[in-house]
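Read off the chains here:
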2 protein chains.
Amino acid sequence: MTYCVGLKLKHGLVFMSDTRTNAGVDNISVFRKMFHWEATGERCITLMTAGNLATTQAVVSLLNERALPAEERGSPSILQVPSMYQVAKLVGETLQEVIRDQTGDAGPNAESAFSATLILGGQVKGGESRLFMIYPEGNFVEASEETPFFQIGETKYGKPIIVRAFSTDMTFEDAIKITMLSFDSTLKANLSVGLPLDLHVYKNDSLRLGTQRRIDQGDSYFEALSLGWGEALKNAVQDLPPYRLDDT
Amino acid sequence: MTYCVGLKLKHGLVFMSDTRTNAGVDNISVFRKMFHWEATGERCITLMTAGNLATTQAVVSLLNERALPAEERGSPSILQVPSMYQVAKLVGETLQEVIRDQTGDAGPNAESAFSATLILGGQVKGGESRLFMIYPEGNFVEASEETPFFQIGETKYGKPIIVRAFSTDMTFEDAIKITMLSFDSTLKANLSVGLPLDLHVYKNDSLRLGTQRRIDQGDSYFEALSLGWGEALKNAVQDLPPYRLDDT
């Protein structure tokens, strides 16, 4: 499993992903699930992946290959297409191409086994920063004011805190805090989501990679947050009106 | 879908269940998923059900039929077996019998379609109060000091708050508050879990039904809790140490 979150704030984008992959609970590994493409001053793109690791690695490899200057096969490149919409379309087509390729003639069941879902965000000069969720079918939806975040992978445990506490006008720092709490809830519940976590913060119109962090076992801030959250939640519960068993 | 929670406190048991059943989002109904058997002063048993409605209704009907005094077919009765362990065994066997009966020769796929999972709790005179989760295979596990609660149905959204905030030595009132928050998170995320909710609070050694409530749309306490929780969570987030983007 996997857990990745992308948030769209008024002043930028926040991406966080875990790094655990597993084929059974006795076969776990660490793989990066967050990838970047950058042409400083012109575009900055971040991709997060959930699903079959062979599929997502093939997608990233193909995107990389086709972005090489030496590449002359005429395939469009993630570093050249003129807008974030075109980037999303290109990534979606690449994903669909890889899934079809791996599935061969094995039919819909295999297609589901080789499936993957992606979160893509970033900005191309001349456009706004945008955030997309890309489906295995190659199509995609875009984050909006009403739904300013996407999750992929093991999304349920960590959703309530984001739904309740996140708003698009908060600071990067607060948004990161909420995202970490969402990861903490998920890590506590599902062994197939694991540290370290990758973080990228993209500031609107910077058109370059922003702060990148790897949050590892023993990260003092994450530990303090995880420890403090139990207490903070208990206090939050106490702040609410008491339930009366003996009223009517 | 469904959501049911059973909590084992030091001084009793708390049960809460939703009432929504659905066959597609365009075919939803209200069905009770919490059932009681009582012999005042001798035993009090509560059962909550998740899964195929035909299966769970058949289980409850069979348990009821066999508990009738007129019933002389020699089947053991939920009101007669001598301990909560025997009650759990009986309910598990009844569940397995119903699933097998409905499946016929249709094989494992049908078995999964007709499947159901149950939470059973209560007390029989001479024993402690106990809480069990019963699987479609008819076997069951019991709540312990380390895992003092069970959830069935759509369990993920509402798990983090219980894991973080529930402890076995809290009051019934606080435990109910936390359970309602867990339901609120789930209701907000999954349309197939819906109001009204049923609540039963069993006080250890009372050997009779305790407080029973139906929490319906417009319940003023539940609404206040739901409204206040967003604010309380935001405050809880603020209580935690701030994340610093510009430290090392």
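Before reading on, note that the structure itself is shown above.
Quick caveat, the model's predicted, so the values are computed rather than measured. (Residues numbered from 1 in each chain as written. Chains lettered and ligands numbered in written order. Predicted model: local features only at pLDDT ≥ 70, side-chain atom pairs only at ≥ 80, totals over all residues.)

Asks: Would you mind going over the sheet that holds strand 2 (residues 12–17) of chain A with me for this structure?
Replies: Picture the strands of a sheet paired through backbone hydrogen bonds; they go either parallel or antiparallel. Residue and element names in this part refer to chain A. Across the sheet, which stays open at both edges, the 5 strands sit in the order 10-1-2-11-12 with antiparallel pairing between neighbours. For this open sheet the edge positions go to strand 10 (149–153) and strand 12 (212–215), each flanked by a neighbour on one side alone. Ignoring which end each strand starts from, the neighbouring axes of this sheet average 10° apart. Sheet analysis places strand 1 (residues 3–9) next to strand 2, joined by 6 bridges and oriented antiparallel. (Pairing = 2+ DSSP bridges. Helix = DSSP H or I, 4+ residues; strand = E, 2+ residues; numbered from the N terminus. Axes fitted to C-alpha atoms, helices over the stretch in contact; angles between N-to-C directions.)

Asks: Whenever I open this one, the relation of the copies chain B and chain A confuses me. Can you help?
Replies: Between the two copies of the chain lies a rotation about an axis combined with a shift along it. For these two chains of identical sequence, chain B goes onto chain A by a turn of 180° and a shift of 0.0 Å along the axis, with RMSD 0.0 Å. When the rotation and shift are considered jointly, the pair of chain copies conforms to a two-fold rotation axis. When each C-alpha of chain B is compared by its distance to the rotation axis, tyrosine 157 of chain B comes out closest, at 2.4 Å. Of all interface residues in chain B, 100% are interface residues in chain A too; the two copies therefore contact each other through one and the same surface. (Least-squares fit on C-alpha atoms with pLDDT ≥ 70 in both. Contact = placed C-beta atoms within 7 Å.)

Asks: How should I be thinking about the packing of helix 1 (residues 53–67) of chain B against helix 2 (residues 84–103) of chain B in this particular structure?
Replies: The packing of two helices is summarised by the inter-axis angle and the distance between the axes. Residues and elements named next belong to chain B. The geometry of helix 1 relative to helix 2 is characterised by a closest axis approach of 9 Å and an angle of 130° between their N-to-C directions. Compared by their axis directions, helix 1 and helix 2 come out oblique. Crossing of helix 1 against helix 2: the hand is right-handed. Of the residues in helix 2, those in contact with Ala54, Thr55, Ala58, Val59, Leu62 and Leu63 of helix 1 are Val91, Thr94, Leu95, Val98, Ile99 and Gln102. Looking at the contact of helix 1 with helix 2 residue by residue, the classes come out as 9 nonpolar, 3 polar and no charged. (Parallel < 35°, antiparallel > 145°, perpendicular 65-115°, else oblique. Left-handed = near helix turned anticlockwise from the far one by under 90°. Nonpolar A, V, L, I, M, F, W, Y, C, P; charged D, E, K, R; others polar.)

Asks: Before we go on, may I ask you to explain the interface of chain B and chain A in this structure?
Replies: Interface size is often expressed as the accessible area that is lost when the parts come together. On the chain A side, the residues contacting the 38 residues of chain B number 38 residues. Mapped by element, the contributors of at least two residues to the side of chain B that touches chain A are helix 4 (159–165), helix 5 (172–189) and helix 6 (220–239) of chain B. Considering every element that reaches the side of chain B that touches chain A, the biggest residue donor is helix 6 of chain B, with 13 residues. Residues belonging to the side of chain B that touches chain A are distributed by class as follows: 24 nonpolar, 5 polar and 9 charged.

Asks: I keep staring at the sheet that holds strand 11 (residues 197–203) of chain B and nothing clicks. Help me out?
Replies: Residues and elements named next belong to chain B. Read from one edge to the other, the open sheet built from 5 strands follows the order 10-1-2-11-12, with strand pairing classed as antiparallel. Each having just a single partner strand, strand 10 (149–153) and strand 12 (212–215) make up the two edges of the open sheet. Across the sheet, the mean angle separating the axes of adjacent strands is 10° when strand polarity is ignored. Both strand 11 and strand 12 contribute to a ladder of 4 bridges, which runs antiparallel. By the bridge assignment, leucine 197 is partnered in strand 12 with isoleucine 215. Contacting strand 1 (3–9), strand 2 (12–17) and strand 11, helix 5 crosses the sheet at an angle of about 160° to strand 1.

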